[in-house]
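Below, each chain spelled out in residue letters.
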Amino acid sequence: MIRLSIPLRQALARLSLPVLIAAAFGTMLLGKADTLLAERARILLADALAPFYAAFAEPARAVRDGVAELGHLLELREENARLVEENERLRRWQAAALSLEAENAMLRRQLDFVPERAPAFHTARVVADGGGVYARAVLLTVPPEIQVRRGQIALDERGFAGRVTEVGARSARVLLATDMNSRLPVTLEGSRLRAMMVGTNGARPRLQHWSEGGRPAEGERVVTSAEGVEFPAGLPVGVVRWTEGGVAEVELFARTDRLDVVRLFDFGLGGILPPEAIARPEPRARR
């Protein structure tokens, strides 16, 4: 090992930065003066360093993959714990549901309960959005052999979507629950409050005219009411959401903005009366 004196080491330390700067400028000038030589030098340097890069790249890739795998394992562990807790909660709900089902069956036997007839339904595909006299409506294609009438209830896989207002030979139009012309009597499952759900042409209809002294609770389930004999009771509609302005709205279960297939149920109710069935006043007799 070469031992240098302290003054010499200090002089070398002071000269290292200017020497490196001068070498950098010299290299730049050489590259501008002879581009071919600079290109050859870069290629030779790349060829010389490529094996070292390859040798260091493999361990770095292994470390990076190991860190990613460790993070993935931690995520799997958290998800597994969440799924175990959720499964345990579902088991408790299943036990409660089986107990309630047995109790319900026993009470029905004691009351000699006559079950309601299962409603008939047909599945139709949505082919167009909007159109007609309504802002929020969809057009369905219906085969001629399927009998569809006005007032039938349209549901998607989640809940209430609307009702049939127009029927043609091969099509039908469904007025969605979000249209401003839609009026739906509903019941709040928890408090048993009755209200009217009114469309706003927006994503969420509003709740109006609920019973005095009551107030819809945030997150409370909303189902259809049998008031007016136009809708069956108990069809899932949505949940209550309060806006910042203090307006009670309903977040629908049905995805009315992206309907693809709906089921048209015939509950045997009166539904919407056709125009010719509306009573008209008798003309006055001339004097």
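Remember, predicted model here, so these are calculated numbers, not experimental data.

Enquirer: Break down a nonpolar patch on the surface for me, with residues and values.
Expert: A cluster of nonpolar side chains, namely L45, L49, F52, Y53 and F56, defines an oily patch on the protein surface of about 580 Å² accessible area. Note that F52 resides in helix α2 (residues 35-111).

Enquirer: Give me the environment of P143: which residues, what numbers.
Expert: Within the element layout of this structure, P143 appears in the loop between β2 (137-141) and β3 (153-155). In the structure, P143 is positioned 28 residues away from S171 in sequence and 7.7 Å away in space, judged by C-alpha atoms.

Enquirer: Got a sec to walk through the sheet that holds strand β1 (residues 120-129)? Specific residues and values, please.
Expert: Sheet strands pair by backbone hydrogen bonding; their relative direction is either parallel or antiparallel. Read around the barrel, six strands follow the order β1-β2-β5-β4-β3-β12 and close on themselves; strand pairing throughout is antiparallel. Strand-to-strand twist across the sheet, computed as the mean angle between neighbouring axes with direction ignored, equals 40°. One ladder, built from three bridges, connects β3 with strand β4 (residues 160-167); its direction is antiparallel. Along β4, the bridge assignment pairs I153 with R163.

Enquirer: Account for the packing of aromatic side chains, naming residues and giving values.
Expert: Per the counting criterion, the structure on display carries three aromatic pairs. Plain terms: the ring middles of F265 and F267 are 5.7 Å apart, the flat faces sit at 20° to each other, and that makes the pair stacked. F265 gets classed as buried once you look at its relative accessible area, which sits at 11%. The ring of W242 has R215 lying over it, and the distance from NZ or CZ to the ring centre is 3.8 Å. Above the ring of F121, the side-chain terminus of R263 is found at 5.9 Å from the ring centroid.

Enquirer: Break down the pattern of salt bridges for me, with residues and values.
Expert: Enumeration according to the criterion identifies nine salt bridges in this entry. Two residues, D260 and R125, come together in a salt bridge whose shortest N-O distance is 3.3 Å. Taken together, the residues D260 in the loop between β11 (248-252) and β12 (261-266) and R125 in strand β1 connect sequence positions 135 residues apart. Residue classification places D260 among the partly exposed residues on the basis of a relative accessible area of 44%. Salt-bridge contacts for R149 lead to D266; the nearest nitrogen and oxygen are separated by 3.0 Å. Of the two residues, R149 sits in the loop between β2 and β3 while D266 sits in strand β12, which places them 117 residues apart along the sequence. Residue R149 is classed as partly exposed on the basis of its relative accessible area of 30%. Members of the salt-bridge network, linked through shared partners, are R204, E218, R241 and E251.

What counts and what doesn't
- Residues numbered from 1 in each chain as written.
- Predicted model: local features only at pLDDT ≥ 70, side-chain atom pairs only at ≥ 80, totals over all residues.
- Heavy atoms only, no water.
- Patch = residues over 30% accessible without salt bridge, like charges linked within 9 Å, V, L, I, M, F, W, Y side chains within 5 Å.
- Areas by Shrake-Rupley, 256 points an atom, 1.4 Å probe, with all protein chains shown as cover.
- Salt bridge = Lys/Arg side-chain N within 4 Å of Asp/Glu carboxyl O.
- Helix = DSSP H or I, 4+ residues; strand = E, 2+ residues; numbered from the N terminus.
- Pairing = 2+ DSSP bridges.
- Axes fitted to C-alpha atoms, helices over the stretch in contact; angles between N-to-C directions.
- Phe/Tyr/Trp six-rings, centres within 6.5 Å; stacked < 30°, edge-to-face > 60°.
- Buried < 20%, exposed > 50% of the residue type's maximum accessible area, 1.4 Å probe, protein only.
- Lys NZ or Arg CZ within 6 Å of the ring centre and 35° of its normal.

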